[in-house]
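# Summary of the model geometry
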Amino acid sequence: VSGDKPVSLAGHKDAVRAVAVSPDGKLVASGSADKTVIVWDAATGKAVHTLTGHDGVVTSVAFTPDGKRVVSAADDRAIKEWD
């Protein structure tokens, strides 16, 4: 995501359904059919946080404009905001 070469992000146990990049480009959030959201360091590809709590497939993720929170939605009809 950042730098000259691609970084592989491996950690979800099912298909990735949504991806978002933080406003500063330092983080990537991915939502998956495994019902989790993972926040990644864009430079290293390492998972920073794994967010659990949805009861359905995560279908969208976004960072707030200040980049301090992630918002996710899932087919369990829930929207969650994470610090």
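Preceding block: the structure.
About the thresholds
- Residue numbers here run from 1 along each chain, matching the order of that chain's written sequence.
- Since the coordinates come from a predicted model, pLDDT governs what is reported: local features require at least 70, and pairs of side-chain atoms require 80 or more to be given and counted, while whole-chain, interface and lining totals use all residues.
- Only hydrogens and water are set aside when side-chain values are computed; all heavy atoms of the structure are taken into account.
- Buried residues are those whose accessible area, probed at 1.4 Å on protein chains only, stays under 20% of the maximum for their type, while exposed residues exceed 50% and partly exposed ones sit between those limits.
- Starting at the N terminus, helices and strands are each numbered in turn, a helix being any DSSP run of H or I of at least four residues and a strand any DSSP run of E of at least two.
- For two strands to be treated as a pair, DSSP must find no fewer than two bridges joining them.
- Basic side-chain nitrogens of Lys or Arg form a salt bridge, by our definition, when they fall within 4 Å of a carboxyl oxygen of Asp or Glu.

## Some points on the pairing of strand β6 (residues 70-74)
- For β6, a buried count of 4 out of 5 residues is recorded, marking the element as mostly surrounded by other parts of the structure.
- Between strand β5 (residues 58-63) and β6, which follow one another and run antiparallel, lie 6 residues, and Gly67 among them has a positive phi close to 75°.
- Where β6 folds back onto strand β7 (residues 79-82) in an antiparallel hairpin, the turn is made up of 4 residues, including Arg77, whose phi is positive at roughly 70°.

## Notes on the pattern of salt bridges
- The final tally for this structure, using the stated rule, is 2 salt bridges.
- Note that Asp66 and Arg69 form a salt bridge whose closest N and O atoms lie 3.9 Å from each other.
- A relative accessible area of 43% means that Asp66 is categorised as partly exposed.
- Residue Arg69 is classed as partly exposed on the basis of its relative accessible area, which comes to 27%.
- A salt bridge links Glu81 to Arg69; the shortest N-O distance between them is 2.5 Å. One end of the pair, Glu81, is in strand β7; the other, Arg69, is in the loop between β5 and β6, and 12 residues separate them in sequence.
- Residue classification places Glu81 among the exposed residues on the basis of a relative accessible area of 52%.
- Several salt bridges converge on common partners, so that one network encompasses Asp66, Arg69 and Glu81.

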